[in-house]
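# Overview (structure and organization)
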Amino acid sequence: DAADPELAAILTTLQIHGWRITEVLNIREEHIDWQRSQIERWVSKSREWRWAVVDQGVLELWRALPKRKDGYIFSLRKRHDFYYRVDCLIKTLGLEMKYRPHNSRRGLATPLRDLGYGIDDIRDAAQWQSSQSAAIYVKDDPERIRPAFEKVRARIGANPRKVAK
């Protein structure tokens, strides 16, 4: 949204990278290596610092924001403030939905899967810690997974417990 470049930058970062909201809101100028297009970010779930490659377009959005004296890229400090601003934008646009963090992660993972990438590729592209995390965010359509299900069922038969023994 051109009327709110900060919100647009946050949403774009979430959509392209699939990071957690607090990880994005806590980005500071000192964590960014502009020349190498990477960032050292605190990953709250694993409680560790990790290097991540940053999309060039995302870096340009960050660079276009006014510099802040406190060193943070974004003025929002709490995820609830972010939710409030997004919900206001959604209402303004006349949409009947609620934005939640998983929307962005699914928005990253599902198209990659649709392009034929596997779970491990999606995990690596999103720089998530586990394949299980990636699998959670791939939105599945039952008709899309039916061929794989039928292939497995044909191999193991109707009772998978017999095969496991």
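Residues numbered from 1 in each chain as written. Predicted model: local features only at pLDDT ≥ 70, side-chain atom pairs only at ≥ 80, totals over all residues. Heavy atoms only, no water.

In this section: the packing of aromatic side chains. Following the criterion strictly, the structure yields three aromatic pairs and no others. Ring geometry for Trp 42 and Trp 49: centres 5.6 Å apart, planes at 65 degrees, overall edge-to-face. Taken together, a centroid distance of 6.0 Å and an interplanar angle of 50 degrees make the contact between Phe 82 and Tyr 83 tilted. It is Arg 28 that lies over the ring of Tyr 72; its NZ or CZ is 4.6 Å from the centre. The aromatic ring of Tyr 72 is capped on one face by Arg 77, whose charged end is 3.6 Å from the ring centroid. (Phe/Tyr/Trp six-rings, centres within 6.5 Å; stacked < 30°, edge-to-face > 60°. Lys NZ or Arg CZ within 6 Å of the ring centre and 35° of its normal.)

Residue position: Arg 50 is located in strand S3 (residues 48-53). In terms of polar contacts, Arg 50 uses its side chain to reach the side chain of Ser 46, at 3.3 Å. Residue contacts for Arg 50: discarding those within four places in its chain leaves Ile 39, Glu 40, Arg 41, Val 43, Gln 127, Trp 128 and Gln 129. (Helix = DSSP H or I, 4+ residues; strand = E, 2+ residues; numbered from the N terminus. Polar contact = N/O pair within 3.5 Å; in protein donor to acceptor, adjacent residues only side chain to side chain. Contact = heavy atoms within 4.5 Å.)

This part is about the environment of Asp 70. Within the secondary structure, Asp 70 is located in the loop between helix H3 (56-64) and helix H4 (79-92). Sequence spacing of Asp 70 and Arg 28 is 42 residues, and the spatial spacing of their C-alpha atoms is 8.5 Å.

Summed over the entire model, instances satisfying the criterion amount to 12 salt bridges. Arg 50 is paired through a salt bridge with Glu 48; the nearest N and O atoms lie 2.9 Å apart. What makes Glu 48 partly exposed here is its relative accessible area of 32%. The salt bridge involving Arg 63 is made with Glu 60; its shortest N-O contact spans 2.9 Å. Linking Arg 63 with Glu 60, this pair stays in helix H3, spanning three residues, or about one helical turn. On the basis of relative accessible area, Glu 60 is assigned to the partly exposed category, the value being 39%. (Salt bridge = Lys/Arg side-chain N within 4 Å of Asp/Glu carboxyl O. Buried < 20%, exposed > 50% of the residue type's maximum accessible area, 1.4 Å probe, protein only.)

All right, on to the confidence of the model for the protein chain then. In the predicted model, the protein chain carries a mean pLDDT of 81, and 82% of its residues have values of at least 70. Below pLDDT 50 for its whole length, residues 159-165 participates in one contact with residues either more than four positions away or in separate chains. (pLDDT = per-residue confidence, 0-100.)

The subject of this paragraph is H4. Counted at 1.5 Å a residue, the expected span for H4 with its 14 residues is 20 Å, and the 20 Å between its end C-alpha atoms agrees. Taken together, the buried positions of H4 are occupied by Phe 82, Tyr 83, Val 86, Asp 87, Leu 89 and Ile 90. The arc that holds the buried residues of H4, viewed along the axis, is 160 degrees, so those residues lie on one side. Facing away from the buried side of H4, by more than 90 degrees, are the exposed residues His 80, Tyr 84, Lys 91 and Thr 92. Once H4 finishes, Gly 94 follows within two positions and takes phi at roughly 75 degrees, a positive value. (Expected span 1.5 Å × (residues − 1). Arc of directions from axis to C-beta.)

On to the pairing of S3. Bridge count between strand S2 (residues 38-43) and S3: six bridges; the pairing is antiparallel. Within the sheet, the bridge partner assigned to Val 43 lies in S3 and is Glu 48. Counted along the chain from S2 to the antiparallel partner S3, the turn is four residues long, and its residue Arg 47 has a positive phi close to 55 degrees. (Pairing = 2+ DSSP bridges.)

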